Amino acid sequence: MSKKRILLAEDEEHLLEAIKLNLELEGYKVTTANNGKKALQIFKEERFNLIILDVMMPEVDGFVVAETIRLENSDVPIMFLTAKNTNEDKIQGLKKGADDYLTKPFNLEELILRVNNLVKRGLKGDDLKEFNSYKIGDKTIHFNSFEVIQDDGTVTPLTKKETMLLKLLIERRNEAVSREQILETVWNYDVYPSTRTIDNFILTFRKYFEPDPKNPVYFHSIRGVGYKFTDNQH
């Protein structure tokens, strides 16, 4: 049987080593990162059964890492480790798609138990068909295959960035999403596009989905804030 794989992102070196050692003793293959940017790079290159993220990390914090991972993968379990024990942080973590939350200092046995449960739950989830499409008017977005299929069978391919931006706006439907959030989660700090780049994406979406692109009902630009996807049918 192949070893279950865990991505562990933690910037405190002694804690990183202690957790890694204990997880390896349990039979897991552990890949580590000491900042959020590195964690995202590793995530893009490999497949994992569980992601463990420290919240306060250099470069990119754990909340942004989790949100970016969720745009690409809604199945992999995510656990946060944090020194903060406030309800606001727990709620924010869960909103970003976390499955569990452990406050430092924690008992390593408890960590192992929670890890085992999350990995088992994640494996069960592999058998369930995940919700991976969204319908707007007569067009259905298929997030996994990066395409839009019209009811008449016409297929329009999407780029990866278009798919990620659509997914972010749809997941946050009826909420304004700031440009900063879009840059962090979709562009991932790699290269900052100009605001006009995002505007061009929104114009493209209007061409695809709006009955009248000049009078949008779905994709709105909110001056000084960002963008909003509105859909009262779902």
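Each value, and the rule that gives it
- Residues numbered from 1 in each chain as written.
- Predicted model: local features only at pLDDT ≥ 70, side-chain atom pairs only at ≥ 80, totals over all residues.
- Heavy atoms only, no water.
- Helix = DSSP H or I, 4+ residues; strand = E, 2+ residues; numbered from the N terminus.
- Contact = heavy atoms within 4.5 Å.
- Domains from an automatic or database assignment.
- Buried area = accessible area lost by both parts, 1.4 Å probe.
- Salt bridge = Lys/Arg side-chain N within 4 Å of Asp/Glu carboxyl O.
- UniProt positions renumbered as here; feature names shortened; annotations may be inferred.
- Buried < 20%, exposed > 50% of the residue type's maximum accessible area, 1.4 Å probe, protein only.
- Pairing = 2+ DSSP bridges.
- Axes fitted to C-alpha atoms, helices over the stretch in contact; angles between N-to-C directions.
- Polar contact = N/O pair within 3.5 Å; in protein donor to acceptor, adjacent residues only side chain to side chain.
- Arc of directions from axis to C-beta.

**Thoughts on the environment of Met 56**
Piece 1. Here Met 56 shows up in the loop between β3 (50–54) and α3 (62–72).
Piece 2. Between the C-alpha atoms of Met 56 and Thr 82, which are 26 residues apart in sequence, the distance is 7.2 Å.
Piece 3. Apart from the residues within four sequence positions on either side, Met 56 is in contact with Asp 11 and Lys 84.

**Some details on the domain arrangement of the protein**
Piece 1. Under the domain assignment, the protein is made up of domain 1 (5–122) and domain 2 (133–229).
Piece 2. The C-alpha-based centres of domain 1 and domain 2 are spaced at 29 Å.
Piece 3. Contacts between domain 1 and domain 2 engage 12 residues on the former and 11 residues on the latter.
Piece 4. Between domain 1 and domain 2, a total of about 1,000 Å² is buried, with carbon and sulfur atoms accounting for 54% of that surface.
Piece 5. Across the domain 1-domain 2 interface, the total number found is 2 salt bridges.
Piece 6. Note that Glu 72 and Lys 160 form a salt bridge whose closest N and O atoms lie 3.5 Å from each other.

**What about the UniProt feature "modified residue: 4-aspartylphosphate" (unreviewed entry) in the protein?**
Piece 1. Feature annotation in UniProt assigns "modified residue: 4-aspartylphosphate" (unreviewed entry) to the following positions: Asp 54.
Piece 2. The buried category is assigned to Asp 54, whose relative accessible area is 3%.

**What about the sheet that holds strand β7 (residues 139–142)?**
Piece 1. Pairing is antiparallel across the open sheet formed by 4 strands, whose spatial order is β6-β7-β8-β9. With partners counted over all chains shown, the strands left at the sheet margins are β6 (133–136) and β9 (155–157), one partner each. This sheet shows a mean twist of 20° between the axes of neighbouring strands, independent of strand direction.
Piece 2. Looking at chain direction, strand β8 (residues 147–150) and β9 are connected through 3 bridges and run antiparallel. If you follow Ile 149 over to β9, its bridge partner there is Val 155.

**Examining the side chain of Asp 100**
Piece 1. Note that Asp 100 resides in strand β5 (residues 100–103).
Piece 2. Residue classification places Asp 100 among the buried positions, given a relative accessible area of 17%.
Piece 3. Engagement of the side chain of Asp 100 in a polar contact is seen with the side chain of Arg 114, the distance being 2.8 Å.
Piece 4. Not counting the four nearest positions on each side in its chain, Asp 100 is found in contact with Ile 78, Met 79, Phe 80, Arg 114 and Leu 118.

**Some details on helix α2 (residues 36–45)**
Piece 1. Along α2, the positions that sit buried rather than exposed are Gly 36, Ala 39, Leu 40, Ile 42 and Phe 43. Axial view of α2: buried residues confined to an arc of 165°, hence all on one face.
Piece 2. Considering only its buried residues, α2 is in contact with β1 (5–9), β2 (29–33), β3 and α3.
Piece 3. Where α2 starts, the residue carrying a side-chain oxygen 3.0 Å from the main-chain nitrogen of Lys 37 turns out to be Asn 35.

**A word on the sheet that holds strand β11 (residues 219–222)**
Piece 1. As summarised here, the arrangement of the 3 strands in space is β10-β12-β11, forming an open sheet in which the pairing is antiparallel. Only two strands of the sheet have a single neighbouring strand rather than two, namely β10 (176–178) and β11. With direction set aside, neighbouring strand axes in the sheet form an average angle of 30°.
Piece 2. Bridge analysis of β11 against strand β12 (residues 226–229) gives 4 bridges, and the strand direction is antiparallel. The residue of β12 that forms the bridge with Ile 222 is Gly 226.
Piece 3. Contacts from helix α6 (residues 160–171) reach β10, β11 and β12, with the element oriented near 70° to β12.
Piece 4. Helix α7 (residues 179–187) rests against β10 and β12 of the sheet, and its axis sits at about 65° to β10.

**What about the pattern of salt bridges?**
Piece 1. Overall, the coordinates contain 13 salt bridges when judged by the stated rule.
Piece 2. In this structure, Glu 24 and Lys 20 form a salt bridge, with 3.0 Å as the shortest nitrogen-oxygen distance. Of this pair, Glu 24 and Lys 20 both sit in helix α1 (residues 13–25), 4 residues apart, roughly one helical turn.
Piece 3. Asp 54 is paired through a salt bridge with Lys 104; the nearest N and O atoms lie 3.0 Å apart. Taken as a pair, Asp 54 in strand β3 and Lys 104 in the loop between β5 and α5 (108–125) lie far apart in primary sequence, 50 residues in all.
Piece 4. What emerges from the salt-bridge pattern is a single network uniting Glu 10, Glu 12, Asp 54 and Lys 104.

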